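Next come the chains, spelled out residue by residue.
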Amino acid sequence: MDIIALEDVSARAWPALHTGRIGGWRLNASTGHTGRANTCWALEAPDRPVDQALEAVEAWYAGLGLPPKFKTVDGATQPVYERFRRRGKLDLVLRNVRKLVEARTRLGKR
């Protein structure tokens, strides 16, 4: 299960009007109506210290007349997961997600 690859597919399927990057953070903005298309996706580490990256995100969205919003993918990678969830264990989360998928399959749900 590659979460970043799934996010890439999502971004290509319905791209935002405006995009940018701050290292592993993806900036997306459209007309301001949806959270998906108007958020910074913090998938991997930014290319600068976090405080500076947050300021850059705020400035980018302000330049488009939008408030900054963040979509975090808890567990895109173990280091990212640990950053958002102290002592987080990505392998445990993925095992539990697989169990949920298996249970839905057994119950005949999609």
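Reference entry: report on the structure contained in this document. The structure presented is a predicted model; accordingly, all values stated were derived computationally and were not measured.

### Quick look at the nonpolar core
Consideration 1: Listed in full, the eleven residues of the largest apolar core are I22, W25, L27, A29, C40, A42, A53, A56, V57, Y61 and L66.
Consideration 2: Of all elements in the fold, only strand 2 (25–29), strand 3 (40–42) and helix 2 (50–63) reach the threshold of two or more residues within this core.
Consideration 3: Looking at this core element by element, the count peaks at four residues for helix 2.
Consideration 4: Not counting residues within four places of it along the chain, the set of residues in contact with A56 comprises I22 and R48.

### Thoughts on helix 2
Because an α-helix completes one turn every 3.6 residues, residues spaced three or four positions apart along the sequence face the same direction.
Consideration 1: Taking 1.5 Å as the rise per residue, helix 2 with 14 residues should run 20 Å; its terminal C-alpha atoms sit 20 Å apart, in good agreement.
Consideration 2: Here helix 2 has its buried residues at A53, A56, V57 and Y61. Along the long axis of helix 2, the arc covered by the buried residues comes to 125°, so they all point the same way. In helix 2, the exposed residues that point more than 90 degrees away from the buried face are D51, E55, A59, A62 and G63.
Consideration 3: With its phi angle positive at about 75°, G65 sits one or two positions after the end of helix 2.

### With respect to the pairing of strand 2
Consideration 1: Burial runs high along strand 2: five of the five residues are buried.
Consideration 2: Alternating residues of strand 2 divide into W25, L27 and A29 and R26 and N28, and every residue in both groups is buried.
Consideration 3: Bridge count for strand 1 (residues 18–22) against strand 2 is five bridges, and the pairing is antiparallel. Considered in strand 2, the bridge of I22 is made with W25.
Consideration 4: Between the antiparallel neighbours strand 1 and strand 2 lie two residues, among them G23 with a positive phi of about 65°.

### Some details on the packing of aromatic side chains
Consideration 1: According to the stated counting rule, one finds two aromatic pairs in the structure shown.
Consideration 2: Pairing W25 with F70 gives two aromatic rings, centres 5.9 Å apart and planes at 80°, and the pair type is edge-to-face. Within this pair, whereas W25 is found in strand 2, its partner F70 is found in strand 4 (residues 70–72), the two being separated by 45 residues in sequence.
Consideration 3: Centre to centre, the rings of W60 and Y61 are 4.9 Å apart; their planes meet at 85°, and the pair counts as edge-to-face.
Consideration 4: By relative accessible area, which is 23% here, W60 ends up partly exposed.

Conventions adopted
Residues numbered from 1 in each chain as written. Predicted model: local features only at pLDDT ≥ 70, side-chain atom pairs only at ≥ 80, totals over all residues. Heavy atoms only, no water. Core = buried A, V, L, I, M, F, W, Y, C linked by side-chain atoms within 4.5 Å. Buried < 20%, exposed > 50% of the residue type's maximum accessible area, 1.4 Å probe, protein only. Helix = DSSP H or I, 4+ residues; strand = E, 2+ residues; numbered from the N terminus. Contact = heavy atoms within 4.5 Å. Expected span 1.5 Å × (residues − 1). Arc of directions from axis to C-beta. Pairing = 2+ DSSP bridges. Phe/Tyr/Trp six-rings, centres within 6.5 Å; stacked < 30°, edge-to-face > 60°.

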